[in-house]
Amino acid sequence: MNQLCRIRVRGQVQGVGFRPFVWALAKRLGLRGWVLNDAGGVLIEAAGAGLDAFVHALRDEAPPLARIDAIEVSPLADADLPDSFEIIASAGGEVRTRVTPDAATCPACLAEIRDPTARRFGYAFTNCTHCGPRFSILMELPYDRAQTTMAGFKLCPDCDADYRDPADRRFHAQPIACPVCGPRLWFEAAGQEVPGAALDLAVDALRNGQILAIKGIGGFHLACDARNGAAVALLRARKRRPTKPFALMGTINMIRASCTLSEPEATRLQSAAAPILLIDRVTDALAPQIAPGQDMLGWMLPCTPLHHLLMDAFQAPLVMTSGNLSGEPQVITNADARTKLARFADGFIMHDRDIARRLDDSVERITAHGPMVLRHARGRAPGTIKLPPGFEDGPQVLAMGGQMKAAFCLTREGEALLSHHLGDLDDPLTWEEYTRALQDYGALFDHQADLVAVDAHEGYRSTQAGHAMGLAVHKVHHHHAHLAACLGEHLWPRNGGRVAAIVLDGLGLGPDGTLWGGEVLLGDYADFERVAWLEPAPLPGGDQAQREPWRNALMRLDAAGLGHIADRLFADAPRAVVRQAVAARINAPHSSSAGRLFDAVAALLGLCPKQISHEAEAAMALEAIARRGCNPQPYDLRHSQIGEIAISPLIHEICADLEQGRAKASIAARFHTTLAQIFAAPARRLVDRGDADAIVVAGGCFQNAMLLECCVNALAGYRVLSHKRLPANDGSLAFGQALVALAALSSTERTPPVA
Ligand SMILES: [Zn+2]
Ligand SMILES: [Zn+2]
């Protein structure tokens, strides 16, 4: 290699300790030159015999939080380099220093807080350039301490020296702190600080079966001893949360004591993102009230020094559920915690480092078919997504997302920024937060929307807000957005041809004005048509049909001429009233929703209460029991491959199995394999005929790993695209909306407007 080079490094390379890493590497290899941050990332000019090794090491030894997209090396004929290697101030021009996601405590910091001789021994706010809070403390860009919630903590001389020393792993670590100068931890009960060591007091309270509110990275959690059934039951009673599973925090060994933990799962738990991971449970070592009826437990590892220290002292798994009033967002301020969480918590672990924005815990799962994201939040946001080929230029789009699992998306210069999970916009506080986050991300991404993309459903608050912006609006049909989001995640080119898409979802408005949710589409980013769909059924009571699965079972049984079975199974339910309303077409919209079919079958098998207490309860119960059914043969149905897919034959088969006393696990498993076959057939046919080049599977039903695996098996030999890095549910809807809106523009319209 040339002895003198300019090296451009692109990607997530700012605010992650990249310059000091380059500096140390150059020193080691005896290079001279300089490194700086600029608008394009990191720029290096270097000279010396070790350049070759240097360029390789840039990638191989990069700091843990760096993500390198490209390293471009160009030889220089001549340059005026210093005699040593220096970190120099940023070059002129715009520096869009982006912020990275919050990162779990790194091994070096963990060792330090456990080392009695270290300055930060036992210190709950220890961090460095490789770990610690980022997005959750950021108030404004650029990402400097003064623009974070650490602004009020003046560095002590020791921390200041660490901060200025390029050889220290805290060089330019903005949230750097120590017991002398940083945030303070305390324990509170009955509105008063309790004298004593906060963590000792907390451990005593937990051992006594008490419930604590703990201020974490992105909000407050409510915690209790996961082995103590009475404590968990008390938490359920106080939160009025009868069945929705609680997440757990524990060490790898604690997880292994109750679950089968695979290597990929352990690796993901230990990643900087530190998500909650749903893991198969094998023993009932913990309180049964944690996840009633579920065969999986949601686990996360301690992800901050505070949580590590608590876990070191408590030595047992903790329930960690979000600290909020039912339906509201997680509480983030001390004041809100005192007023809103006092009814749940006996004590509080408090501190004085403010949380700038709420970030729920991310939730993921690792399936036989790869990783699955259920909730995109802490540790994942804000991460940019590359747009597929053909979308490099174009106006800046703001896509508003859906209603229930709301998240929005911004596009700019070939990249998309998908917001973190915001939640159900029906809740006024979540709505407030959504509107605030729109401003927040707009400023972070320096985004000026030219075009707004919305769901076609005018009842969504996100859609209404999009129309109110006074910009050009593009309406996107719900399931087209699901198709596009999955294509986009796989970088399917804009002109890459059409695909078949199996979209199985809750409810979304279709172009015919009815509610869809179980379709095979043929289309691309720009356009789509519906090829096959589930025979629609009424949703008696509209929203009520989502909360009461038996209503869906009643409709499917009646349609199959099996009303007498419904009369027996749902003897106590108001069947007559519901049937009358449906006959009179009162509040009973028809829908092809696959989600409601899952509800119907779960109710038919008696797997869910009359009224469910959380959105996915019935479907989760059905998946959980289906996973225990061995070697399930699909039902032998002669279903049509195109057009409406009759469901009554399937309902007949299920009832026949029930009458014969077949195990529910086996029936549930047969339902999964059959449904996969039903949808795979038309999709395969589209590819066989040459109409489609690949098969997309997307929509909220594919959070069900068993359904996903059945579909993938039924599509063996075909190219299948499913979500791996974005949620299959409405959490990625906005990303798809943005792509559809961009694709709808003609090539002349795609030129960005002149400012
Ligand atoms: Zn660290
Ligand atoms: Zn200090």
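What you are looking at is a predicted structure, and each value in this text was computed from that prediction instead of being measured.

Basis of the calculations
Residues numbered from 1 in each chain as written. Chains lettered and ligands numbered in written order. Predicted model: local features only at pLDDT ≥ 70, side-chain atom pairs only at ≥ 80, totals over all residues. Heavy atoms only, no water. Domains from an automatic or database assignment. Contact = heavy atoms within 4.5 Å. Buried area = accessible area lost by both parts, 1.4 Å probe. Salt bridge = Lys/Arg side-chain N within 4 Å of Asp/Glu carboxyl O. Polar contact = N/O pair within 3.5 Å; in protein donor to acceptor, adjacent residues only side chain to side chain. Nonpolar A, V, L, I, M, F, W, Y, C, P; charged D, E, K, R; others polar. Donors = N, O, S within 2.8 Å, 3.2 Å for Na, K, Ca; no water. Tetrahedral: all angles 85-135°; square planar, octahedral: opposite > 155°, others 65-115°. Helix = DSSP H or I, 4+ residues; strand = E, 2+ residues; numbered from the N terminus. Buried < 20%, exposed > 50% of the residue type's maximum accessible area, 1.4 Å probe, protein only. Pairing = 2+ DSSP bridges. Axes fitted to C-alpha atoms, helices over the stretch in contact; angles between N-to-C directions.

Its domain assignment divides the protein into domain 1 (4-87), domain 2 (99-183), domain 3 (185-351), domain 4 (382-476 + 730-744) and domain 5 (501-722). Once you take the C-alpha centre of each, domain 3 and domain 4 turn out to be 32 Å apart. At the interface, 4 residues of domain 3 touch 4 residues of domain 4. Roughly 300 Å² of surface becomes buried between domain 3 and domain 4 when both sides are summed, with 59% attributable to carbon and sulfur atoms. Three residues stand out in domain 3 for area buried against domain 4, namely Gly327, Glu328 and Pro329, and they jointly supply 88% of the buried area on that side. Viewed at the interface, domain 4 and domain 3 are joined by 0 salt bridges. Connecting domain 3 to domain 4 are 0 residue pairs in polar contact (both at pLDDT 80 or more). Broken down by class, the residue content of the side of domain 3 that touches domain 4 amounts to 1 nonpolar, 1 polar and 2 charged.

In an ideal octahedron of six donors the angles at the metal are 90 or 180 degrees, and in an ideal tetrahedron of four donors they are 109.5 degrees. Taken together, the protein donors to the zinc ion (ligand 1) comprise Cys106 (SG), Cys109 (SG), Cys128 (SG) and Cys131 (SG), at separations of 2.3 Å. Classification of the site at the zinc ion (ligand 1) rests on its 4 donor atoms, whose angles at the metal span 103 to 119°, yielding the label tetrahedral. Binding-site remark: the zinc ion (ligand 1) is held by donors from one chain whose sequence spacing is C-x2-C-x18-C-x2-C. With cysteine 109 in helix 3 (residues 107-113) and cysteine 131 in the loop between helix 3 and helix 4 (157-164), this pair connects stretches of sequence that are 22 residues apart. Note on cysteine 109: relative accessible area 0%, which makes it buried. You can call cysteine 131 buried: its relative accessible area is 0%.

Here the focus is the sheet that holds strand 13 (residues 318-322). The sheet built from 11 strands is open, its strands ordered 7-6-14-8-9-13-10-12-11-15-16 with mixed pairing. What marks the edges here is a single partner per strand, and that holds for strand 7 (192-194) and strand 16 (370-375). Sheet twist, expressed as the average angle between the axes of neighbouring strands with direction ignored, equals 35°. Pairing analysis gives 2 bridges linking strand 10 (residues 247-249) to strand 13, with the strands arranged antiparallel. When the sheet's bridge partners are listed, leucine 248 is paired in strand 13 with valine 319. Each of strand 15 (363-367) and strand 16 is contacted by helix 22 (residues 705-714), which is oriented at about 40° to strand 15, the strand it contacts most.

Right, let's talk about the sheet that holds strand 2 (residues 32-38) for a bit. Pairing within the open sheet is mixed, and its 5 strands lie in the order 4-1-3-2-5. On the outer flanks of this sheet lie strand 4 (67-75) and strand 5 (85-87), each paired with one strand and no other. Each strand of the sheet is rotated relative to its neighbour by a mean of 15°, with strand direction disregarded. Relative to strand 4, strand 1 (residues 4-12) is paired through 8 bridges, and the arrangement is antiparallel. Along strand 4, the bridge assignment pairs arginine 8 with glutamate 72. Sheet contacts for helix 1 (residues 18-28): strand 1, strand 2, strand 3 (41-47), strand 4 and strand 5; angle to strand 5, the most-contacted strand, approximately 175°.

Note on the zinc ion (ligand 2): its protein donors are Cys156 (SG), Cys159 (SG), Cys178 (SG) and Cys181 (SG). The metal-donor distances range over 2.2 to 2.3 Å. Each of the 4 donor atoms bound to the zinc ion (ligand 2) contributes to angles spanning 104 to 116°, and the resulting shape is tetrahedral. Mapped onto the polypeptide sequence, the residues donating to the zinc ion (ligand 2) form the spacing pattern C-x2-C-x18-C-x2-C. Look at cysteine 181 and you get buried, because its relative accessible area is 9%.

Of all 5 residues that make up strand 15, 4 are buried, and the element is covered over most of its length. Pairing analysis gives 3 bridges linking strand 11 (residues 276-280) to strand 15, with the strands arranged parallel. Pairing of isoleucine 276 across the sheet is with valine 363, part of strand 15. Looking at chain direction, strand 15 and strand 16 are connected through 5 bridges and run antiparallel. Bridging from a neighbouring strand, valine 363 pairs with arginine 375 of strand 16. As consecutive antiparallel partners, strand 15 and strand 16 are separated by 2 residues.

Of note, asparagine 552 is situated in helix 15 (residues 549-559). The exposure class assigned to asparagine 552 is buried, which follows from its relative accessible area of 4%. In terms of polar contacts, asparagine 552 uses its side chain to reach the backbone carbonyl oxygen of alanine 545, at 2.8 Å. In this view, asparagine 552 contacts Leu539, Ala545, Arg596, Asp599 and Ala600; residues no more than four positions away in its chain are not counted.

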